[in-house]
Number of protein chains: 2
Amino acid sequence: MLSKRTKYAINALVYLAREGSDGEPVQISRVAESEHIPRKFLEAILLELKHAGMLNSRKGKTGGYYLQKTPEEINIADVMRLFDGPIALLPCVAYKYYERCEECKDEETCGIRSVFSDVRSQTVQMLKNATLFEIIQRSEKLKKETKKKVSKK
Amino acid sequence: MLSKRTKYAINALVYLAREGSDGEPVQISRVAESEHIPRKFLEAILLELKHAGMLNSRKGKTGGYYLQKTPEEINIADVMRLFDGPIALLPCVAYKYYERCEECKDEETCGIRSVFSDVRSQTVQMLKNATLFEIIQRSEKLKKETKKKVSKK
DNA sequence: ATAAAATCCTACTAATTCGATAGGAATTAT
DNA sequence: ATAATTCCTATCGAATTAGTAGGATTTTAT
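Being a predicted model, the structure only gives us computed values, none of them experimental.

Engineer: Can you explain the side chain of K7 of chain A? Please cite residues and give values.
Structural biologist: In this structure, K7 of chain A sits in helix α1 (residues 4-19). When residues no more than four places from it in sequence are discounted, the contact partners of K7 of chain A are L2 of chain A together with L90, P91, C101 and E103 of chain B.

Here you go:
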């Protein structure tokens, strides 16, 4: 399961992609209140997203956070890796975080590894495609469908 | 990432599927040594697999563990759920372990949920197909391919 | 200049989970 | 009987997670 850090990060990013589309910075406390995230905790999360190059900030009185990249460029895979580490379920099939399985006899012919390698590929592909843009699009599509349902009743 | 419990469980199950194909029980210590799993830790794991109906055991002098189901019937999804809980990355898209996301405003139109719902479906499908039988088959196929490579050199 | 308001940074903490061990009870073949 | 095995409960140390505290730093507005 995703850690709360990652969940909060995704929600904050989506919020910033929506609210801060004019380029004006949004204050931490606004994001925290709107998305129901503990203020101080969010502070640390946004800072880490900034260090990772996804966000930028302005300090001081009119300060706040805003996207450093476009919503098309920021994807869930990168956010997950940042906070939760590898997406792979086994270290021996991880890409950035590769590590040999201690107990493994022959990595090349391991059937378990073969299975989890496939799972990783599929998952990473889907999460790379899941950009902030894609998420917002999906949600808008779902809202339209809900409206239809309601008006039919 | 998988917990060590789950990794050990999968390795032990594959071992039992291979070694215990005659139906004779295999001792814990044999599995532990062969798969490099701490003996006492493995004891608890096998017991849990028994309680879940995947293994059975014989007590006493000639005792040990053996598969309760066929290798085609035991799959990785069930093993993972047993030790690590839900396969879903968000509680709101889990099947057996469903829980609402506290901070979520509208589950029905949540773009994040939509993405992770797709990821879950794909992952579960792959892991359900990953039976002990499938794993052993894959490993044998890989061994053949390795032989070819070696003999070519 | 100064005060106000924001981000930035370090350190700490309580609770939970994880991996593993210890010790003995129950069971069974010889 | 006894030897060898599974079964069961309790415990432990280390790591991780979620969150808090407090103040340093930076910037704007007056």
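Engineer: Give a description of the relation of the copies chain B and chain A that names residues and reports values.
Structural biologist: Once chain B has been moved 0.0 Å along the axis and rotated by 180°, it coincides with chain A to within an RMSD of 0.0 Å. On this basis, the relationship between the two copies can be described by a two-fold rotation axis. Of the residues that chain B buries at the interface, 100% are likewise interface residues in chain A, meaning the two copies contact each other through the same surface.

Engineer: If you had to explain the protein's contact with DNA strand D to someone new, which residues and values would you point to?
Structural biologist: As a structural note, the neighbourhood of DNA strand D is formed by 27 residues, with K40 of chain A together with E43, K50, S57 and Y65 of chain B the closest of them. Here the atoms of DNA strand D within 4 Å of the protein split so that 72% fall in sugar or phosphate, with bases taking the remainder. Here a phosphate oxygen of DNA strand D sits 3.2 Å away from a polar atom, N or O, in the side chain of H51 of chain B. Between DNA strand D and S57 of chain B, the relevant distance is 2.4 Å, taken from a phosphate oxygen to a side-chain nitrogen or oxygen of the residue.

Engineer: Could you give me a rundown of helix α2 (residues 28-35) of chain A, with the residues and numbers involved?
Structural biologist: Residue and element names in this part refer to chain A. Along α2, the positions that sit buried rather than exposed are I28, V31, A32, S34 and E35. Those residues of α2 that are buried are in contact with α1, α3 (39-51) and β2 (64-67). Trailing α2 by a residue or two, H36 shows a phi angle of about 55°, which is positive.

Engineer: Account for α1 of chain A, naming residues and giving values.
Structural biologist: All names here are of chain A. Taking 1.5 Å per residue as the helical rise, α1 with its 16 residues ought to reach 22 Å, and the 22 Å between its terminal C-alpha atoms agrees with that figure. Burial within α1 is extensive, with twelve of its 16 residues counted as buried. All buried positions along α1 are accounted for by T6, K7, Y8, A9, I10, N11, A12, L13, V14, Y15, L16 and A17.

Engineer: How would you summarise the environment of P38 of chain B if you had to cite specific residues and measurements?
Structural biologist: Mapping P38 of chain B onto the fold places it in the loop between α2 (28-35) and α3 (39-51). Sequence separation of P38 of chain B and P71 of chain B is 33 residues, and the distance between their C-alpha atoms is 24 Å.

Engineer: Please give an account of the packing of aromatic side chains that cites residues and values.
Structural biologist: Residue and element names in this part refer to chain A. Tallied over the full model, the rule gives two aromatic pairs over all chains. Between Y8 and F41, the ring centres sit 5.8 Å apart and the planes meet at 90°, which makes this aromatic pair edge-to-face. Taken together, the positions of Y8 in helix α1 and F41 in helix α3 put the pair 33 residues apart, joining distant regions of the chain. The exposure class assigned to F41 is partly exposed, which follows from its relative accessible area of 29%.

Engineer: Lay out unusual backbone geometry with the relevant residues and their values.
Structural biologist: Unlike most non-glycine residues, H36 of chain A shows phi in positive territory, near 55°. Structurally, H36 of chain A can be placed in the loop between α2 and α3.

Engineer: Tell me about the protein's contact with DNA strand C, and please be specific about residues and values.
Structural biologist: Within the structure, DNA strand C sits among 26 residues, and E43, K50, S57 and Y65 of chain A together with K40 of chain B are positioned closest to it. Within 4 Å of the protein, atoms of DNA strand C come from sugar and phosphate in 74% of cases. At 2.4 Å, a side-chain N or O of K50 of chain A approaches a phosphate oxygen of DNA strand C. Side-chain polar atom of Y8 of chain B to a phosphate oxygen of DNA strand C: 3.3 Å apart, as the coordinates give it. Only α3, β1 (55-58) and β2 of chain A together with α1 (4-19) and α3 of chain B provide two or more residues apiece to the surface near DNA strand C. With six residues, the single largest contributor to the surface near DNA strand C is α3 of chain A. The residue makeup of the surface near DNA strand C, split by class, is six nonpolar, eight polar and twelve charged.

Engineer: Can you break down the pairing of β2 of chain A residue by residue, with the values?
Structural biologist: Bridge count for β1 of chain A against β2 of chain A is four bridges, and the pairing is antiparallel. In the sheet register, S57 of chain A faces β2 of chain A, and the bridge partner there is Y65 of chain A.

Engineer: Run through the packing of α2 of chain B against α3 of chain B, naming residues and quoting values.
Structural biologist: Residue and element names in this part refer to chain B. Across the interface, α2 lies against α3 with an axial gap of 9 Å and an inter-helix angle of 120°. Taken as a pair, α2 and α3 cross one another with a handedness that is right-handed. On α3, the residues touching I28, S29, V31 and A32 of α2 are R39, L42, E43 and L46. Class assignment of the residues belonging to the contact of α2 with α3 gives a composition of five nonpolar, one polar and two charged.

What counts, and at which threshold
Residues numbered from 1 in each chain as written. Chains lettered and ligands numbered in written order. Predicted model: local features only at pLDDT ≥ 70, side-chain atom pairs only at ≥ 80, totals over all residues. Heavy atoms only, no water. Helix = DSSP H or I, 4+ residues; strand = E, 2+ residues; numbered from the N terminus. Contact = heavy atoms within 4.5 Å. Least-squares fit on C-alpha atoms with pLDDT ≥ 70 in both. Near = heavy atom within 4 Å. Polar contact = N/O pair within 3.5 Å; in protein donor to acceptor, adjacent residues only side chain to side chain. Buried < 20%, exposed > 50% of the residue type's maximum accessible area, 1.4 Å probe, protein only. Expected span 1.5 Å × (residues − 1). Phe/Tyr/Trp six-rings, centres within 6.5 Å; stacked < 30°, edge-to-face > 60°. Nonpolar A, V, L, I, M, F, W, Y, C, P; charged D, E, K, R; others polar. Pairing = 2+ DSSP bridges. Axes fitted to C-alpha atoms, helices over the stretch in contact; angles between N-to-C directions. Left-handed = near helix turned anticlockwise from the far one by under 90°.

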